[in-house]
Each structure stands twice: as structure tokens, then as C-alpha cells.
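Coordinate analysis (summary)
Spelled out, the chains give:
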Amino acid sequence: MDVKEITLEELDTERFIAEKVQEISSEVDDRVAISALSGGVDSAVVTMLAHQALGDRLKTYFIDSGLMRAGEPEHIVSVFKKLGVPVELIDAQETFFDALKGQTDPEEKRHAITRSFYGDVFARLVRESGSKFLLQGTNYTDVEETVAGIKRQHNILEQLGINPEEAYGYRVIEPLIQLRKSSIRKLGKALGLPEEIYSRPPFPGPALAARVMGEVTPERVRLVRSATTIVEEELAQSGAFQYLAILHEDRVTGIRDGKRDYGYQIEVRCWESTDAKIGSPTRLANKVLDRLAERITTEVPGVVSVTYNITKKPPSTIEAV
Ligand code: XMP
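Residues numbered from 1 in each chain as written. Predicted model: local features only at pLDDT ≥ 70, side-chain atom pairs only at ≥ 80, totals over all residues. Heavy atoms only, no water.

**What about the overall build of the chain?**
Summing up its helical and strand segments, the chain has 11 helices and 10 strands in all. Referenced to the eigenvectors of the C-alpha coordinate spread, the extents of the chain come out at roughly 70 × 40 × 40 Å. When contacts within the chain are restricted to residue pairs at least 6 apart in sequence, long-range pairs at least 24 apart make up 75% of them. Counting only carbon and sulfur atoms, one obtains 47% of the accessible surface of the chain, whose full area is about 14,800 Å². (Helix = DSSP H or I, 4+ residues; strand = E, 2+ residues; numbered from the N terminus. Contact = heavy atoms within 4.5 Å. Areas by Shrake-Rupley, 256 points an atom, 1.4 Å probe, with all protein chains shown as cover.)

Below is the structure:
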């Protein structure tokens, strides 16, 4: 792998920020660049670096793919507005759901999302803004897992032999590619991001599509979105690295109102990890598990079964797709 890691111990925050601001300024020069803000810590840090480097010549977009958590697009736009960074919300729901229609294979779903982001949405935004650069928060773990053949991370292009300039007509700038999550959080704090953002649990680029087994439809995303809200509320104080809800493809027999109900199954995962490279399930108290089961089966329509993952990564991965 030709990307060299900078470890948390090696990271000199101030020097790194100064260097990256300088690199972005000189690469973009007096032109315009766009930043793809997803609300996750990686893209939030890249947006702040690029904002320092480019000021008004940075156009920041939040792509509403229809796959985000409840209230997320509006919330992130308002957080960045308070930081003095204007963000334009782009409604691209149709593009993503059209690309995902009929897709059930996990890698094909990830590929459909990559194509929608880069080939459709960003390509159009780059054209319309007259920009030639896309800034994004690819990190070292994303590259490592894609190169190792574990998962095609939505934001990996060059390591998969895709030249973005030839394929899509713009250059991709990835200032965080040598860092892992813990270092990126440290940078976020140094750049003045609110704690709510720099200490957020990770959230994957393919968003809730990484948590829907089988076909990703608006209706199935709605189910996993409601379950996600509950899991995030109940586990916010757990201190865990990441926690999530997955909608299974299979349905299972259950009982509702004294009658047979062939319903949905939600899997909850809660991870202890420092860098997402390896992980183990949090030993949640029984009363927390009971409450999750109770709330998910009563508040998410049609769910009759809730399971808790007890597998480590590896052999599991953190997300299910
Ligand atoms: P996995 O599921 O591979 O996840 O064990 C490792 C970490 O990466 C996040 N993740 C992604 N992040 N694009 C991203 O930016 C992706 O395509 C992607 N897939 C997984 C995941 O949430 C976990 O923190």
C-alpha cells in the first residue's frame, strides 16, 4: 500500500493543520473546490481545513441521499452555519433509490452508491460550480480495508484503479488519508468543531444502506431509520465506539395482538474499538437490552424480533453490508 500511516502518537496537530491548509491552497490556487460534507467527523474536519484554506472559494454541499438518519441533513447544515461555513443541501434521493433498485448483493449496492455520488451527483455539482476539485474525508482505515479486499468503501477510487479525473472530470483531494479516526477527532477539536461533531460515533458513507440487508427501498430505510433513532438514544451514554441497528432480509414468525405475525427482524450491534480495525461487542446490561427490545418492537412498525450481535470483528465487520 503506497499510503503511509501517521499514528496518533506521531501526529503534531498544529503542524498537520498548517501543512494541509497550505497544500489545499496551493493545489486549488485561485480556483473553486467543492467539499462533500456528510456530517461525520472525517468530512467535517476536511470541510474546516478547506474553509481555512479557501474561504469563499469553497462550496460545501450536504447530499441528502435519502439514506441519512432522522433530521440529520437539516441539523448538520445548521451546525456549520453557526461555524460560519455555508452549506447547501442537495436533494438527491431519487438518484440513489433508482441506482439501488433491485440490488441485493452487498458489493453491488456499495458500487451503486459510489456511482451515484461520483458519477451523478458530484459530477453535476462540479460542472455547475465550475470547480475541478472534490475534497473528501477518506481515512487510512477506508483505504486499508478496500485494498485488503474486505469491503469496497464508498469513497475509495484510486486504490481500485479509478482515476477520478478521467472517469468523472475532477480531481479528488484527500487530506486525511494517512490518519485513523482517533487522530481525526483530535484535529476536529483543534479546528474548533463542537464536541458533538468531533466525538460523534462513526457513521458510514453509504449511510443506512450499509444497514439494510437485501434491497434498499425507501420503506426499508424508514424502518431502519426508526430503529437507529432508538438505538442511538438508548446507547448514547454507553461510552461505546459505535452502535447501530440493522434490518434483516428474512422475516420471522412472531405474535402480535394474540395472532401470528410474520414480521421484521432488527439486529442491534454495539462495538468497543479504538480504530474500527478490530472490535468486540459491548457487554450491555440486561436492562438496557430489555429496553431496546421493548422500544424497537413497539415503536417500529412490523418488527417482531430484536437480536444482539455477540461476534467480534473479525470475523464480523462493524456494518452488515
Ligand atoms: P466495517 O463495516 O468495514 O467498518 O468494519 C469499519 C468502519 O468504517 C465505517 N464504514 C465506512 N465508512 N465509507 C465510510 O466512510 C464506507 O463505505 C464505510 N463502510 C463502513 C464503519 O461505520 C466503521 O466505523
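**What to know about the nonpolar core**
In this structure, Val45, Ile63, Leu67, Phe80, Phe122, Leu135 and Leu176 are the most contacted members of the largest nonpolar core, which totals 89 residues. Each of domain 1 (13-196) and domain 2 (212-308) accounts for three or more of the residues forming this core. If near-sequence neighbours (up to four positions away) are discounted, Val45 is found in contact with Leu176, Ile184, Leu187, Gly188, Leu191 and Leu193. Counting residues in each nonpolar core, the second largest holds 6 residues, with Leu244, Ile246, Trp271 and Ile318 among its members. (Core = buried A, V, L, I, M, F, W, Y, C linked by side-chain atoms within 4.5 Å. Buried < 20%, exposed > 50% of the residue type's maximum accessible area, 1.4 Å probe, protein only. Domains from an automatic or database assignment.)

**Structural notes on the sheet that holds strand S2 (residues 58-64)**
Reading across the sheet, the 5 strands line up as S3-S2-S1-S4-S5 and stay open at both edges, with parallel pairing between neighbours. Only two strands of the sheet have a single neighbouring strand rather than two, namely strand S3 (87-91) and strand S5 (171-173). Ignoring which end each strand starts from, the neighbouring axes of this sheet average 30° apart. Across 5 bridges, the pairing between strand S1 (residues 33-37) and S2 is parallel. Paired with Leu37 across the strands is Phe62, a residue of S2. (Pairing = 2+ DSSP bridges. Axes fitted to C-alpha atoms, helices over the stretch in contact; angles between N-to-C directions.)

**Looking at the site of the ligand**
Residues in contact with the ligand amount to 17 residues; listed here are only the nearest, Glu145, Lys151, His154, Lys313 and Glu319. At 2.5 Å, a side-chain N or O of Glu319 approaches an oxygen atom of the ligand. When the ligand is considered free in solution it has 490 Å² of accessible area, and contact with the protein chains removes 94% of it. (Near = heavy atom within 4 Å. Polar contact = N/O pair within 3.5 Å; in protein donor to acceptor, adjacent residues only side chain to side chain.)

**Focus on the packing of helix H1 (residues 13-28) against helix H8 (residues 181-190)**
With their axes 10 Å apart at the nearest point, H1 and H8 run at an angle of 80° to one another. Relative to H8, H1 is oriented roughly perpendicular. Where H1 approaches H8, its residues Thr13, Phe16 and Ile17 are matched on the opposing element by Lys186, Leu187 and Ala190. Tallied by class, the residues present in the contact of H1 with H8 amount to 4 nonpolar, 1 polar and 1 charged. (Parallel < 35°, antiparallel > 145°, perpendicular 65-115°, else oblique. Nonpolar A, V, L, I, M, F, W, Y, C, P; charged D, E, K, R; others polar.)

**Focus: the packing of aromatic side chains**
Remark: the centre distance and the inter-plane angle together describe each pair of aromatic rings, the angle taken between the planes. Enumeration over the complete set of coordinates arrives at 5 aromatic pairs. On the basis of an interplanar angle of 25° and a centroid distance of 5.5 Å, the ring pair of Phe117 and Phe122 is categorised as stacked. Taken as a pair, Phe117 and Phe122 share a single burial class, namely buried. On the basis of an interplanar angle of 75° and a centroid distance of 5.4 Å, the ring pair of Tyr118 and Phe122 is categorised as edge-to-face. On the criterion of helical spacing, the pair formed by Tyr118 and Phe122 is a turn pair, its members being 4 residues apart in helix H5 (residues 106-129). For Tyr118, a relative accessible area of 1% gives the class buried. Residue classification places Phe122 among the buried positions, given a relative accessible area of 5%. Aromatic ring contacts, followed pair by pair, group Phe96, Phe117, Tyr118, Phe122, Tyr168 and Tyr170 into a single cluster. (Phe/Tyr/Trp six-rings, centres within 6.5 Å; stacked < 30°, edge-to-face > 60°.)

**Observations regarding helix H2 (residues 41-54)**
One turn of an α-helix holds 3.6 residues; hence residues three or four places apart share an orientation. Compared with an ideal rise of 1.5 Å per residue, which puts 14 residues at 20 Å, H2 spans 20 Å between its outermost C-alpha atoms and is within 8% of the ideal. Burial runs high along H2: 12 of the 14 residues are buried. Phi turns positive, to about 55°, at Gly55, one or two residues after H2. (Expected span 1.5 Å × (residues − 1).)

**What about the side chain of His248?**
With respect to the secondary-structure elements, His248 resides in the loop between strand S6 (242-247) and strand S7 (252-256). Of note is the side chain of His248, whose polar atom sits 2.7 Å from the side chain of Glu267. Setting aside its immediate chain neighbours within four residues, His248 contacts Met213, Arg220, Gln265 and Glu267.

**Focus on the packing of helix H4 (residues 93-100) against H5**
Where H4 meets H5, the closest approach of the two axes is 9 Å, and the angle between their N-to-C directions is 145°. The handedness of the crossing between H4 and H5 comes out as right-handed. Between H4, through Thr95, Phe96, Ala99 and Leu100, and H5, the contact on the second element is made entirely by Lys109, Ala112, Ile113, Ser116, Phe117, Asp120 and Val121. Per-class residue counts for the contact of H4 with H5 are 7 nonpolar, 2 polar and 2 charged. (Left-handed = near helix turned anticlockwise from the far one by under 90°.)

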